[in-house]
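Now for the letters of each chain:
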Amino acid sequence: HEAQVNGDIAIDDISYTYYDSDQPVLKNISISLKQGEKLALLGRTGCGKSTLLQLLTRNWDPQQGKISIDGVELPKWQEASLRQAITVVSQRVDIFNGTLRENLLMAKPEGSDREFSKVLTKVGLETLLKGKGLDTWLGEGGRQLSGGERRRIGIARALLHDAPILLMDEPTEGLDRRTEQQIISLLIEHAKEKTVLFITHRLVGLEEMDQICLMDEGEIIERGKHTEL
Ligand code: ATP
Ligand code: MG
């Protein structure tokens, strides 16, 4: 049986230093998000945003402080349950050598071809469905995707993986403005009931967020609502 995950996130006073560095990249970060709440994290390049996301997905562990989901500290989570609880749109989308279908199945192992075609059309990748369709080989020895196409595959995966927590790291980087607006609307609609952490340096979608945090050099230097900042 699988327990229902609500998606409460508690980041409690964490600090993190990379092993090859003597300077912490995250300093005393605390963020609390109840189920369904949405937070945008802004800050200039190198301030530590993606690092925070890596800690949330337990790729690395903070040297200080703790992170809990639904009140359970991350180290206590089983890997599979954590993967079920969180959807990530990474700053870099990994496409592996395999068919288009296989590149989507990782997000939804029980997904059908019909569902995959539908979601690809939603994210504006219907051209990929021409010719060999979902059997199109991607990656080495296959079709090389453009930066924008890779992004859209990342978004399609997020739309397919229906988890209570959605973490997005610059999901629309490199897309033109009109496409960006469409994609953000899609994601926000999809995440209506979900807990969201949205890393961005653009100003699209911020009015949908409950909190906005501004980071600088590993610290949160300002917090508030869209209208306050
Ligand atoms: P951007 O907006 O450019 O994506 P960011 O806010 O996401 O930046 P991070 O990627 O979290 O920034 O990087 C924060 C700091 O940590 C930077 O100084 C970066 O050089 C450093 N850093 C990132 N990844 C590693 C790593 N794997 N090993 C060592 N240092 C790293
Ligand atoms: Mg980053």
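Note that the structure is predicted; figures quoted are calculated from it, not measured.

**Student:** Before we go on, may I ask you to explain the sheet that holds strand β5 (residues 72–73) in this structure?
**Tutor:** The strands making up a sheet associate through backbone hydrogen bonding, with each pair oriented either parallel or antiparallel. Here four strands make up an open sheet; going across it, the order is β2-β1-β4-β5 and the pairing antiparallel. In this open sheet, the two edge strands, each paired with only one partner strand, are β2 (26–33) and β5. The pairing of strand β1 (residues 9–16) with strand β4 (residues 64–69) spans five bridges and is classified as antiparallel. Paired with Asp12 across the strands is Lys66, a residue of β4.

**Student:** Please explain the sheet that holds strand β9 (residues 165–169) as it appears in this structure.
**Tutor:** Read across the sheet, six strands follow the order β6-β9-β10-β3-β11-β12 without closing on themselves; strand pairing throughout is mixed. The sheet terminates laterally at β6 (86–89) and β12 (219–224), the two strands that pair on one side only. Geometrically, the sheet is characterised by an average inter-axis angle of 15° between neighbouring strands, direction not taken into account. Inspection of the sheet shows strand β3 (residues 38–43) paired to strand β10 (residues 195–199) by four bridges, in the parallel sense. Bridge assignment links Leu41 to a residue of β10, and that residue is Ile199.

**Student:** So what exactly am I meant to see when it comes to the site of ligand 1 here?
**Tutor:** Residues in contact with ligand 1 amount to 13 residues; listed here are only the nearest, Tyr18, Thr45, Lys49, Ser50 and Thr51. No other element matches the three residues that helix α1 (residues 49–56) contributes to the shell around ligand 1. Class assignment for the residues of the shell around ligand 1 results in three nonpolar, eight polar and two charged.

**Student:** How do you make sense of the confidence of the model for the protein chain when you look at a structure like this?
**Tutor:** Any region with low pLDDT has predicted coordinates that should not be read closely. The share of residues in the protein chain with pLDDT of 70 or more is 99%, and the mean pLDDT across the chain is 94. Scoring of the predicted complex yields 0.94 for pTM and 0.98 for ipTM.

**Student:** Looking at this structure, how should I read unusual backbone geometry?
**Tutor:** Excluding glycine, residues mostly have negative phi values, and the peptide bonds linking residues are mostly trans. With phi around 55°, Asp13 is a residue other than glycine that occupies positive phi space. Secondary-structure assignment places Asp13 in strand β1. Although it is not a glycine, Glu170 sits at a positive phi angle of roughly 45°. In this fold, Glu170 is placed in the loop between β9 and α6 (177–190).

**Student:** Would you mind going over the nonpolar core with me for this structure?
**Tutor:** A general trend in soluble globular proteins is that nonpolar side chains are found buried together. Core analysis: the largest hydrophobic core is formed by 53 residues, its most contacted members being Leu41, Ile155, Ala156, Leu166, Leu167 and Phe198. Per-element accounting of this core gives the leading share, six residues, to helix α5 (residues 147–160). Those residues within four positions of Phe198 in sequence are excluded, and the remaining contacts are Lys38, Leu39, Ala40, Leu41, Met168, Gly205 and Met209.

Rules of the game
Residues numbered from 1 in each chain as written. Chains lettered and ligands numbered in written order. Predicted model: local features only at pLDDT ≥ 70, side-chain atom pairs only at ≥ 80, totals over all residues. Pairing = 2+ DSSP bridges. Helix = DSSP H or I, 4+ residues; strand = E, 2+ residues; numbered from the N terminus. Axes fitted to C-alpha atoms, helices over the stretch in contact; angles between N-to-C directions. Near = placed C-beta within 6 Å. Nonpolar A, V, L, I, M, F, W, Y, C, P; charged D, E, K, R; others polar. pLDDT = per-residue confidence, 0-100. Core = buried A, V, L, I, M, F, W, Y, C linked by C-beta atoms within 7 Å. Buried ≥ 20, exposed ≤ 12 C-beta atoms within 10 Å, placed from the backbone. Contact = placed C-beta atoms within 7 Å.

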